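In case you want the letters, here they are:
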Amino acid sequence: MSDMAPPKGTFDIIPFCPNAEDIWKSTYQWNHIESIIRQITTEYGYHEIRTPIFERTELFHKTTGETTDIVTKEMYTFQDKGNRSMTLRPEGTPCVMRAFLDNQLQQLASVHKFFYLAPMFRYERPQAGRYRQHHQFGVEVIGNGTPEQDVEVIDLLYSFHQRIGIQNIQLCINSLGTPDCRAQFRNALRGYLKDHFAQLSRDSQTRFENNPLRILDSKDLGDQELLKNAPLLSEFLSSDAKNHFAQVCDLLGELNISYKIEPKLVRGLDYYNHTVFEVMVENIGAQSSIGGGGRYDGMLKSMGGPDLPTVGFGTGLERLLRTLLLQGTMENTRQVPFVTIIPLGNSALKYGMRLSKELRQKGVPISIELGQRKAKAAMKIADQIGSQFVCVIGDQELEQEKLEIKNMGTGDTHPLSLIHVEKEIVNLYNAYIAKGTKNAI
Ligand code: HAM
């Protein structure tokens, strides 16, 4: 161990993790989930966007919101050498909007569908499932304000979670209506809570002035009790907002996506309106929310851009991978060599290196013993690295033009003729892939 631990709330993603509870930090698991993200976003027609890891601080003040936890407490903000205030991106949504405007993408199409896969930084108190650097898969759609667009976004998130193998998914949805509906509700909620101000938790007392809707999110049991008789947001929705939400619910049913309407769901960011949603799973510790998002029409306009509707989600890879591990549904994605070639002696080494190169060029993952170890020691290493087969090559094998390949799982051996060795190994490998056992150990 070095005496330089990584910063609190961060961790390394490494190929092999010595502790079973850390397997979700294996590069192979990350590569696997990232490849599913690329596949599913292609299927849904979303295009990748990459923005800088830091932005001007005012971007988040203007968009994420002055009263949010992110902006008030959690941003990694620093002065650069030019004395400008910069912030490590705490969330992707404002960055994508900024990039959209800066690159004048509105000229290119009427609807834009973006996805990103990127690290985010929030100075939060680290605990299970909560990190100071986390990675999000997010999507943002610009230019379509219909309920069906909300449903496509929710469906993409839901299908992605299902495809990677998450169990017991619970989708909670709500409508926040238009800013007008919310303003009326805010007044009514304030009116109700005013009489109970002294009983509110300290956090909620602060929110009472700045952002009373966030009180609905409160985990405090006393607050929750008080809220039981509070007015409901749904009572303040305009008929258009009600219609929009009813269509979202109807279409979710059409796609067999089960959901629960959660009247108190507001989400922790200031910019949402109409549909908001959150995906929860049970039993993953303190942080049971694995993804969330909603509609945030108005953000582009508030940034000086066109008044285009916008909707999206973010889902955290750390929480997804931990959930898969806790639910026992994590696949074995470790990449292993198909054959380890063990040359004994100089001529075998030259032959083995040539053969390895040719097989690798044909796409077969090969490991070759390069430490001139004895057969037994080299076999042990082949076993440790999970090699499917080994092929020991000595002078005798070369003279007799006959090789043998041994299945490390079953102990069975197959004879190979030296002239056809390359073709035979390629065929064997293709048969393994066809059976879907490429990565099996
Ligand atoms: P968010 O709910 O703040 O939304 O974050 C989205 C997801 O990121 C969470 O559900 C969680 O899985 C993960 N996450 C957030 N903070 C942490 C953390 N400290 N450690 C580990 N995982 C974390 C947004 O960020 C919005 N930009 C989503 C969105 C996109 N809304 C519209 N478009």
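The present account deals with the structure reproduced in this document. (Residues numbered from 1 in each chain as written. Predicted model: local features only at pLDDT ≥ 70, side-chain atom pairs only at ≥ 80, totals over all residues. Heavy atoms only, no water.)

Helices and strands together make up the secondary structure of the chain, namely 15 helices and 16 strands. Taking the principal axes of its C-alpha atoms as reference, the chain extends roughly 95 × 50 × 45 Å. Taken across its 441 residues, the chain has 49% of its residues classed as buried. Taking contacts inside the chain between residues at least 6 apart in sequence as the whole, the part at least 24 apart equals 68%. Counting every atom, the chain has about 22200 Å² of accessible surface; 49% of that belongs to carbon and sulfur. In the chain, the 49 positive side-chain charges and the 52 negative ones have mean positions that sit 4 Å from each other. (Helix = DSSP H or I, 4+ residues; strand = E, 2+ residues; numbered from the N terminus. Buried < 20%, exposed > 50% of the residue type's maximum accessible area, 1.4 Å probe, protein only. Contact = heavy atoms within 4.5 Å. Areas by Shrake-Rupley, 256 points an atom, 1.4 Å probe, with all protein chains shown as cover. Lys, Arg positive; Asp, Glu negative; His and termini not counted. Charge placed at Lys NZ, Arg CZ, Asp CG, Glu CD.)

Turning our attention to the state of the cysteines. One pass over the full model with this rule turns up zero disulfides. Free of any disulfide, C172 has its nearest cysteine sulfur in C249, 12 Å distant. By relative accessible area, which is 5% here, C172 ends up buried. (Disulfide = S-S within 2.5 Å.)

Take E318: it is sitting in helix α11 (residues 317–326). Buried and unpaired, E318 has R319 as its nearest opposite-charge partner, separated by 7.3 Å. Here H135 takes part through its side chain, which lies 2.6 Å from a polar atom of the side chain of E318. Every residue in contact with E318, bar those within four places of it in the chain, is listed here: F11, W24, W30, Y131, Q133, H134 and H135. (Salt bridge = Lys/Arg side-chain N within 4 Å of Asp/Glu carboxyl O. Polar contact = N/O pair within 3.5 Å; in protein donor to acceptor, adjacent residues only side chain to side chain.)

Attention shifts here to the site of the ligand. In the region of the ligand, 26 residues are neighbours, and E91, T93, E124, E140 and Y272 sit closest. E124 is positioned such that a nitrogen or oxygen atom in its side chain is 2.6 Å from a nitrogen atom of the ligand. In the model, an oxygen atom of the ligand is placed 3.2 Å from a nitrogen or oxygen of the Q136 side chain. Where the shell around the ligand is concerned, the elements lending two or more residues are β6 (133–142), β10 (289–295) and β11 (310–316). In terms of residue count, the dominant contributor to the shell around the ligand is β10 (six residues). (Near = heavy atom within 4 Å.)

Right, let's talk about the sheet that holds strand β8 (residues 260–261) for a bit. Pairing within the open sheet is mixed, and its eight strands lie in the order β1-β5-β6-β11-β10-β9-β7-β8. Among the strands making up the open sheet, the edge pair consists of β1 (47–48) and β8. With seven bridges connecting them, β6 and β11 associate as antiparallel partners. Note on β11: the bridge partner recorded for I142 is T310. Along the sheet face, helix α1 (residues 27–44) touches β1, β5 (112–121) and β6 and points at about 160 degrees away from the line of β5. (Pairing = 2+ DSSP bridges. Axes fitted to C-alpha atoms, helices over the stretch in contact; angles between N-to-C directions.)

What follows is about the nonpolar core. Counting residues in each nonpolar core, the largest one holds 43 residues, and the members touching the most others are M97, F100, F114, L193 and Y272. Contributing elements (two or more residues each) for this core: α2 (57–63), α3 (69–74), α4 (93–102), β5, α6 (179–194), α8 (221–227) and α10 (299–302). The leading source of residues in this core is α4, at six residues. Not counting residues within four places of it along the chain, the set of residues in contact with M97 comprises E140, I142, Y296, M299, L300, M303 and T310. Counting residues in hydrophobic clusters, the runner-up holds 41 residues, among them I40, Y131, I166 and L171. (Core = buried A, V, L, I, M, F, W, Y, C linked by side-chain atoms within 4.5 Å.)

Because side chains alternate across strand β15 (residues 402–407), one face comprises the buried residues L403, I405 and N407, and the other comprises K402, E404 and K406, none of which is buried. Two elements, strand β14 (residues 389–393) and β15, share three bridges in a ladder whose sense is antiparallel. Across the sheet, residue F389 finds its bridge partner in β15, namely N407. When β15 meets strand β16 (residues 413–417), the two strands line up antiparallel, connected through five bridges. Its bridge partner lying in β16, I405 is registered against H414. From the end of β15 to the start of β16, which pair antiparallel, there are five residues, and G411 there has a positive phi angle of about 85 degrees.

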